[in-house]
Amino acid sequence: MMEIAPETKLMDLLKEYPFLKEELPKKNNKFNMLKTPMAKVLMRNADINKMSKRSGMSVDEIITMLREMIENH
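Residues numbered from 1 in each chain as written. Predicted model: local features only at pLDDT ≥ 70, side-chain atom pairs only at ≥ 80, totals over all residues. Heavy atoms only, no water.

Here we take up the pattern of salt bridges. Within the structure shown, the criterion is met by 3 salt bridges. Notably, a salt bridge pairs Arg 67 with Glu 3, separated by 3.9 Å at the nearest N-O pair. Of this pair, Arg 67 sits in helix H5 (residues 59-72) while Glu 3 is found in the segment before helix H1 (10-16), placing the two residues 64 residues apart along the sequence. Exposure remark for Arg 67: the relative accessible area of 33% places this residue in the partly exposed category. Look at Glu 3 and you get exposed, because its relative accessible area is 59%. Lys 35 is the salt-bridge partner of Glu 22, the closest N and O atoms lying 3.7 Å from each other. Taken together, the positions of Glu 22 in helix H2 (residues 20-27) and Lys 35 in the loop between H2 and helix H3 (39-43) put the pair 13 residues apart, joining distant regions of the chain. Residue Lys 35 is classed as partly exposed on the basis of its relative accessible area of 47%. (Salt bridge = Lys/Arg side-chain N within 4 Å of Asp/Glu carboxyl O. Helix = DSSP H or I, 4+ residues; strand = E, 2+ residues; numbered from the N terminus. Buried < 20%, exposed > 50% of the residue type's maximum accessible area, 1.4 Å probe, protein only.)

What follows is the structure, encoded as structure tokens:
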């Protein structure tokens with residue numbers, strides 16, 4: 001499993017685990033933006049810290065959620 005830290009880039013996660021693009025919006029509707037054309041631009045610089053700010057979830061919640069999603073897939 002890839003190491004997931006607050007500085008982990010969203011693009012790196014999606015390259016390693018492409019299913020997350022479909023699964024993340026199921027956990028928090030703020031991640032629906034991953035399905036928009038603008039997503040590629042936003043994802044280039046997005047990391048777990050930025051995901052936290054945009055989603056209203058804590059960094060720890062997102063890391064735990066991602067680890068669970070990856071383990072259960």
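Another point: the packing of aromatic side chains. This structure, assessed with the given rule, holds 1 aromatic pair. A centroid spacing of 6.2 Å and a plane angle of 70 degrees characterise the contact between Tyr 17 and Phe 19, whose relative ring orientation is edge-to-face. Phe 19 carries the same exposure label as Tyr 17, and that label is buried. (Phe/Tyr/Trp six-rings, centres within 6.5 Å; stacked < 30°, edge-to-face > 60°.)

What the largest pocket holds in volume is close to 200 Å³. Surrounding the largest pocket, 13 residues form its lining, Met 33, Leu 42, Ala 46, Lys 50 and Arg 54 being those nearest its centre. Looking at the lining of the largest pocket, the element that brings in the most residues is helix H4 (residues 48-55), giving 4 residues. Along the lines of polarity and charge, the residues of the lining of the largest pocket split into 8 nonpolar, 2 polar and 3 charged. (1 Å grid on protein atoms, 1.4 Å probe; cavity = no way out; pocket = protein on both sides within 12 Å on 5 of 7 lines; lining within 4 Å. Points joined across faces, edges and corners; volume = space filled by probe spheres on them. Nonpolar A, V, L, I, M, F, W, Y, C, P; charged D, E, K, R; others polar.)

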